[in-house]
Amino acid sequence: MALSGGADRGSHSMDKSITLPPDEIFRNLENAKRFAIDIGGSLTKLAYYSTVQHKVAKVRSFDHSAKETDGDPLYEISVQEEITARLHFIKFENAYIETCLDFIKDHLVNTETKVIKATGGGAYKFKDLIEKKLKLKVDKEDEMTCLIKGCNFVLKNIPHEAFVYAKHADSEFRFQNTHPDIFPYLLINIGSGVSIVKVEAEDKFERIGGSSIGGGTFWGLGALLTKTKRFDELLQLASKGQHTNVDMLVKDIYGGAYGSLGLTGDLIASSFGKSATTDKEFSKEDMAKSLLHMISNDIGQLACLYAKLHNLTRVYFGGFFIRGHPVTMHTITYSINFFTKGEVQALFLRHEGYLGAIGAFLKGAEEDNPNQYSWGENYAGSSGLMSVSPDLNPVQRARSGTFDMLEMDRLERQLVNLPLLQDPTSYIPDTVDLTEDALAREYWLYCFEEALDGVVKRAIASQKDQPEAAERAEKFRQKYCHKLQTLRHQPFAYGSLTVRSLLDTREHCLNEFNFPDPYSKIKQKENDMALKYYLKVVKSFEELSWEQRQFTLVKGLLAGNVFDWGAKAVSDVLESDPEFGFEQAKQQLQERPWLVDAYNQWIERLKGPPHKCALFFVDNSGIDIILGVFPFIRELLIRGTEVVLASNSGPALNDVTNSELQILTERIAAMDPVIHTALKEDRLALVQNGSSSPCLDLSRLDKVLATVVRERGTDLVIIEGMGRAIHTNYYAMLSCESLKLAVIKNSWLAERLGGKIFSVVFKYEVPSKAQGQH
Amino acid sequence: MSKITLPAYANVYISEGKKPFPWFGMDIGGTLVKLVYFEPKDITAEEEQEEVENLKSIRRYLTSNTAYGKTGVRDVHLELRNLTICGRTGNLHFIRFPTVAMHRFIQMGRDKHFSSLHTTLCATGGGAYKFENDFRTMADLELLKLDELDCLIQGLLYIDSVGFNGHPECYYFENPSDTQNCIKRPCCLDNLFPMLLVNIGSGVSILAVNEKDSYKRVTGTSLGGGTFLGLCCLLTGCETFEEALEMASKGDSTNVDKLVKDIYGGDYQRFGLQGSAVASSFGHMMSKEKRDSISKEDLARATLVTITNNIGSIARMCAVNEPGDQAALYRAFRVYRIPSEQKLPTISREYMKIERVVFVGNFLRINTVSTKLLAYAMDFWSKGQLKALFLEHEGYFGAVGAFLELLKSAKVRRGGVKPDSLSMQAFLLCQAMYHVTSPKSCLAFEYF
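Only a predicted model underlies this, so the values are computations on that prediction, with no experimental measurement involved.

A few points about helix H15 (residues 499-512) of chain A
Residues and elements named next belong to chain A.
For step 1, the next point in the chain: If you check H15, its first and last C-alpha atoms are 20 Å apart, about what 14 residues at 1.5 Å a residue would give, namely 20 Å.
For step 2, the next point in the chain: The element H15 is extensively covered by neighbouring structure, given that eleven of its 14 residues are classed as buried.
For step 3, the next point in the chain: The complete set of buried residues in H15 reads Val 499, Arg 500, Ser 501, Leu 502, Leu 503, Asp 504, Thr 505, Arg 506, Glu 507, Cys 509 and Leu 510.
For step 4, the next point in the chain: Packing partners of the buried residues in H15 comprise helix H13 (438-462), helix H14 (469-489) and helix H25 (722-727).

Remarks on the pattern of salt bridges
Residue and element names in this part refer to chain A.
For step 1, the next point in the chain: Scanning all chains against the criterion turns up 65 salt bridges over all chains.
For step 2, the next point in the chain: Measuring nitrogen to oxygen at the nearest pair gives 2.8 Å for the salt bridge that ties Lys 117 to Asp 139. Taken together, the residues span a long stretch of sequence, with Lys 117 in strand E4 (residues 115-119) and Asp 139 in strand E5 (residues 137-140) at a distance of 22 residues.
For step 3, the next point in the chain: By relative accessible area, which is 13% here, Lys 117 ends up buried.
For step 4, the next point in the chain: Taking the relative accessible area as the measure of exposure, Asp 139 reaches 25% and is therefore partly exposed.

Details of the packing of aromatic side chains
For step 1, the next point in the chain: Applying the stated criterion across every chain, the model contains 57 aromatic pairs over all chains.
For step 2, the next point in the chain: A ring pair is formed by Tyr 61 of chain B and Tyr 68 of chain B, whose centres lie 5.3 Å apart and whose planes are at 55 degrees; its orientation type is tilted.
For step 3, the next point in the chain: Of the aromatic side chains, those joined through ring pairs into one cluster are Phe 163, Tyr 165, Phe 173, Phe 175, Phe 317, Phe 348 and Phe 492 of chain A.
For step 4, the next point in the chain: Here the guanidinium or amino end of Arg 410 of chain A rests over the ring plane of Tyr 373 of chain A, the centre of that ring lying 4.2 Å away.

Here we look at the packing of helix H8 (residues 225-236) of chain B against helix H9 (residues 241-250) of chain B
All names here are of chain B.
For step 1, the next point in the chain: For the pair H8 and H9, the least separation of the axes is 10 Å and the interaxial angle reads 75 degrees. With respect to each other, H8 and H9 are oriented roughly perpendicular. Taken together, the residues of H9 that come into contact with H8 (itself represented by Phe 228, Leu 229, Cys 232 and Thr 236) are Phe 241, Ala 244, Leu 245 and Met 247.
For step 2, the next point in the chain: Of the residues in the contact of H8 with H9, the class split is seven nonpolar, one polar and no charged.

Some thoughts on unusual backbone geometry
For step 1, the next point in the chain: Going from Arg 592 of chain A to Pro 593 of chain A, the amide bond is cis rather than trans, its omega being 0 degrees.
For step 2, the next point in the chain: Its place among the elements puts Pro 593 of chain A in the loop between helix H19 (582-588) and strand E18 (596-597).
For step 3, the next point in the chain: Going from Phe 193 of chain B to Pro 194 of chain B, the amide bond is cis rather than trans, its omega being -5 degrees.
For step 4, the next point in the chain: In this structure, Pro 194 of chain B sits in the loop between strand E10 (183-187) and strand E11 (195-200).
For step 5, the next point in the chain: In the Ramachandran plot, Asn 311 of chain A falls in the positive-phi region, its phi being about 55 degrees despite a non-glycine side chain.
For step 6, the next point in the chain: Of note, Asn 311 of chain A is situated in the loop between helix H9 (284-309) and strand E13 (314-318).
For step 7, the next point in the chain: Residue Asn 311 of chain A is classed as exposed on the basis of its relative accessible area of 69%.

Quick word on the confidence of the model for chain B
All names here are of chain B.
For step 1, the next point in the chain: Chain-level pLDDT for chain B is 82 on average; 80% of the residues reach the 70-or-more range.
For step 2, the next point in the chain: Taken element by element, chain B is modelled with least confidence in helix H1 (residues 9-12), mean pLDDT 36, and with most confidence in H8, mean pLDDT 97.
For step 3, the next point in the chain: Low pLDDT, under 50, characterises residues 1-16; the stretch is placed with 44 contacts to residues that sit more than four places away or in other chains.
For step 4, the next point in the chain: Note on the complex model: pTM 0.85, ipTM 0.85.

Quick word on the sheet that holds strand E24 (residues 737-744) of chain A
All names here are of chain A.
For step 1, the next point in the chain: In spatial order, the strands read E18-E25-E24-E23-E19-E20-E21; together these seven strands make up an open sheet with mixed pairing. Each of the sheet's edge strands pairs with one partner strand only, and the pair in question is E18 and strand E21 (684-688).
For step 2, the next point in the chain: Pairing between strand E20 (residues 642-647) and E21: five bridges, direction parallel. The residue of E21 that forms the bridge with Ala 646 is Val 687.
For step 3, the next point in the chain: Packed on one face of the sheet, helix H17 (residues 546-560) meets strand E19 (613-617), strand E23 (716-720), E24 and strand E25 (759-765) and runs near 50 degrees to E24.
For step 4, the next point in the chain: Set on the sheet, helix H22 (residues 658-671) makes contact with E20 and E21; between it and E21 the angle comes to about 160 degrees.

Basis of the calculations
Residues numbered from 1 in each chain as written. Chains lettered and ligands numbered in written order. Predicted model: local features only at pLDDT ≥ 70, side-chain atom pairs only at ≥ 80, totals over all residues. Heavy atoms only, no water. Helix = DSSP H or I, 4+ residues; strand = E, 2+ residues; numbered from the N terminus. Expected span 1.5 Å × (residues − 1). Buried < 20%, exposed > 50% of the residue type's maximum accessible area, 1.4 Å probe, protein only. Contact = heavy atoms within 4.5 Å. Salt bridge = Lys/Arg side-chain N within 4 Å of Asp/Glu carboxyl O. Phe/Tyr/Trp six-rings, centres within 6.5 Å; stacked < 30°, edge-to-face > 60°. Lys NZ or Arg CZ within 6 Å of the ring centre and 35° of its normal. Axes fitted to C-alpha atoms, helices over the stretch in contact; angles between N-to-C directions. Parallel < 35°, antiparallel > 145°, perpendicular 65-115°, else oblique. Nonpolar A, V, L, I, M, F, W, Y, C, P; charged D, E, K, R; others polar. pLDDT = per-residue confidence, 0-100. Pairing = 2+ DSSP bridges.

Printed below as a string of structure tokens:
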């Protein structure tokens with residue numbers, strides 16, 4: 001039933017036989033507004049803005065002043081509806097355009113929208129169809145402007161957007177860090193021709209050059225030479241061919257290398273040179289390969305000449321010639337490497353195909369000022385980067401009826417770098433890149449699959465009052481299971497695969513099925529219980545000597561961190577033994593010397609002058625925050641150090657959220673004059689970190705937090721827990737003192753680090769003088 | 001610009017002396033073998049008598065024919081007459097044949113007992129390496145292998161200095177941007193350096209030449225004459241360069257290429273692209289309908305235009321990217337005894353820029369479509385800053401360079417180039433620059 005896609009279809013005969021599953025594609029159409037469409041030679045990309053209504057868990061403090069009974073919980077949890085903004089991008093073959101337009105017309109309720117922004121070569125061709133079907137006026141936007149706008153947007157908002165392609169490496173895709181400043185860069189767009197654009201700022205770009213030898217040349221000339229019609233088929237032919245049969249190499253002329261010029265014998269001296277001097281027949285594959293090399297090398301050479309002239313090192317490649325095709329990414333990479341002697345790397349983009357649509361959409365949404373917000377890729381709703389290698393899946397590729405999707409959530413907070421990062425450009429949050437580490441990848445994928453049953457159970461339990469919860473939870477299971485399957489085959493689908501991305505994907509999927517906070521009740525119960533012990537714990541410190549006290553505080557912090565529903569080893573214990581307590585946890589801890597043990601240095605430091613301000617990234621609810629963190633920061637406050645507690649903006653596992661922490665702190669302040677005074681004098685501040693992840697990306701933190709950190713002259717950063725201090729930030733270099741502590745609650749990971757389960761990491765780092773001055 | 005005449009290499013360069021005939025120079029390329037042969041016209045009766053039969057037969061064979069075998073050709077129109085070299089006067093002949101016929105050529109050398117003539121066979125080009133062993137084993141001949149780029153430049157400078165039978169070797173196109181009034185004009189290569197030398201053979205080499213002996217290969221591309229012919233053969237079934245060019249001359253590339261106006265309806269104003277500019281070479285051929293109705297002539301023309309424009313584009317980028325060789329200019333200063341500690345100001349990039357792009361190579365033979373297109377492309381894209389220059393003996397300079405080496409190899413060079421002329425040129429160039437760049441730098445000239 002699927003038609004062959006290709007620009008050369010004379011009449012656009014439409015395939016109407018497909019039915020679109022409304023749950024999957026064109027989601028949230030009811031509230032959609034601001035449409036944009038980018039119609040290319042074979043693919044259509046549709047963009048719209050919509051609002052998503054989903055449930056969020058809110059906590060609200062009871063009024064405790066009236067009466068206080070022991071049995072009452074500390075705060076109440078309510079589930080509320082919240083509306084958030086989301087950008088939807090859908091990519092499909094032009095063959096489906098009519099079906100899709102019909103579908104949109106049928107489902108679009110909103111009538112405010114009057115225009116649809118359009119770009120791409122096909123926008124003109126389909127103008128009448130769109131206007132007739134959707135009753136929207138087609139407003140054409142300049143293609144290049146849209147492309148650049150889209151490119152700026154993804155580079156700014158999507159971590160791991162750009163990657164280097166390495167065909168023979170363990171991981172073909174090497175994702176790049178998000179650079180704090182994305183400008184200036186060069187964009188080489190290889191469509192039917194080539195445009196070379198220098199981008200210096202959001203709205204400042206210039207087409208500095210181009211070439212007529214591009215994707216159209218490969219396609220057109222390739223079709224003439226091989227009688228093969230489709231672009232994809234040509235690439236497939238090329239991937240099987242031997243260009244040395246058609247090209248005249250240096251060794252064909254010299255008999256070997258041309259030593260004095262450093263030209264190796266295998267270098268192509270004359271593309272298609274052999275077909276001029278021999279009468280033999282050439283295979284289609286060989287000619288296609290020769291053509292591919294010729295065009296890729298030529299583009300690479302020009303790109304390098306322009307990069308050199310304008311002194312630019314960041315060079316991104318896009319356009320339908322590239323679009324995820326391993327074959328062309330490889331030849332372009334090779335060419336750039338050859339012509340710049342490795343000084344410039346060819347960079348590619350995960351969402352390259354969407355740039356035009358994103359840009360056209362942004363053009364239309366300028367009054368909403370979308371660039372003032374931070375956006376995040378929604379892993380639940382995005383299909384991710386598919387491997388389109390013709391070798392891997394030729395059939396599917398050739399007759400693709402798949403709809404590729406990208407969804408971006410508008411984040412409530414604007415995200416920026418932690419000002420205390422030593423070098424923001426080289427900061428990588430994640431400790432292990434599972435894309436490159438196959439063993440670790442296997443283990444963690446298995447782990448997350450194993451844990452899925454438990455998560456589903458927990459999700460259902462959190463919504464006992466709702467009968468359809470089980471059904472939703474099942475849908476969640478399928479979705480996440482499918483994601484894990486995808487990641488097993490294409491670890492690079494969403495950028496570098498990491499424990500963080502696996503956890504975040506799970507949170508996104510849970511949210512998608514309205515399980516905003518499966519741990520809310522557990523957190524509530526544990527917070528209640530821990531609060532009861534707070535004074536007792538604080539009192540117990542009074543009898544201790546200074547040295548003893550410091551050690552007990554650290555031990556308490558570590559023991560508190562054992563209470564972690566995110567770790568399977570612990571959640572098993574907690575499920576089976578609800579009485580498992582703080583003291584037992586302390587006994588579980590490894591004896592000193594710990595796996596990583598900088599305790600002595602830390603104590604020596606404490607004997608010196610107090611820190612000015614400590615920034616503490618907290619982890620779990622309950623015992624961890626109340627009996628571990630609070631006594632510890634209480635001591636810091638007494639020493640004269642200001643404290644900023646940074647907690648999650650949204651829920652993730654049993655991590656304490658900012659709104660929960662507000663209530664807990666009030667309650668503790670009511671019991672403890674030290675905390676009370678500190679709050680009153682603003683020496684203790686609670687700030688949200690802008691994230692809803694069990695891990696921590698110090699390059700995407702709430703802007704307010706960054707301001708507070710700067711204003712208070714923060715000179716100590718404490719990061720607690722496996723997610724934040726081990727899976728991420730273990731190697732993060734800060735420009736001030738830092739303390740990273742965690743209990744390894746996973747025997748596999750502990751073994752990898754050379755220890756056993758419940759091993760302790762206590763990492764205290766002081767930047768060297770020179771670095772500290774930054 | 002001040003005019004400075006280059007030294008006449010023929011007189012300065014080679015001393016008197018006797019070098020046994022025959023005098024050959026050979027350049028064995030990927031597609032073509034280029035051969036230059038000096039036919040002495042001042043043979044005395046005594047010499048005539050001494051001349052061995054072999055030698056005589058070679059001379060007669062080469063000079064009395066214009067075609068050799070099926071594929072060898074003597075370019076009679078290029079012959080340089082009454083040339084005096086090494087004290088001998090004669091004509092320089094230019095002969096070419098396809099590299100695939102190389103083995104037949106070697107056999108001929110064997111059959112004619114070339115080895116008995118005790119001459120050195122000076123050869124350059126890749127084939128000098130590739131066929132060295134064949135020469136040795138099949139014909140008992142030793143090759144003197146020479147670097148092709150050295151030969152190219154020396155040959156070019158020599159031919160330019162002796163001129164083309166009283167006319168200049170070099171030419172350019174007046175009004176390159178106006179196809180109706182574009183006229184070929186001879187010119188003298190007065191201010192030669194720095195220049196970009198683009199040699200279009202099977203592939204393309206691009207050299208930045210700062211002085212006679214100072215050059216570097218900037219880059220190259222595999223999209224050259226071999227690509228044009230190779231693609232034409234595959235697309236049209238033609239067999240020779242002449243056939244391909246003949247077809248191209250009758251074709252219309254706009255039926256094959258997608259132009260800016262085909263996409264945007266007119267100019268792409270946002271980026272100042274003219275509607276008539278090619279947006280995608282062979283872009284129309286993505287459509288099956290158009291593929292089915294296209295003529296061979298159109299395809300040949302499009303291939304020619306694509307390859308030519310691409311070479312022009314790369315050459316232009318190299319010209320603007322190449323900062324020029326400051327060291328070469330400084331060396332010139334030293335001749336005039338500027339103390340070495342005198343710190344010279346950095347010469348501004350503006351003045352180091354290459355303004356002349358010289359195109360050579362056999363791709364340009366009988367190929368006015370390409371020469372005019374290159375002239376147009378250089379002028380248009382550089383907004384008149386770059387000038388395309390061409391030479392009448394397009395593809396033979398390597399062979400001439402090898403030929404010169406033969407004469408040089410036995411004799412002592414008499415001093416080579418006089419420093420004066422080149423240095424003076426550099427000096428004047430600098431003077432022009434310093435007046436603009438920095439008033440302080442005038443100090444440097446108090447020494448003069």
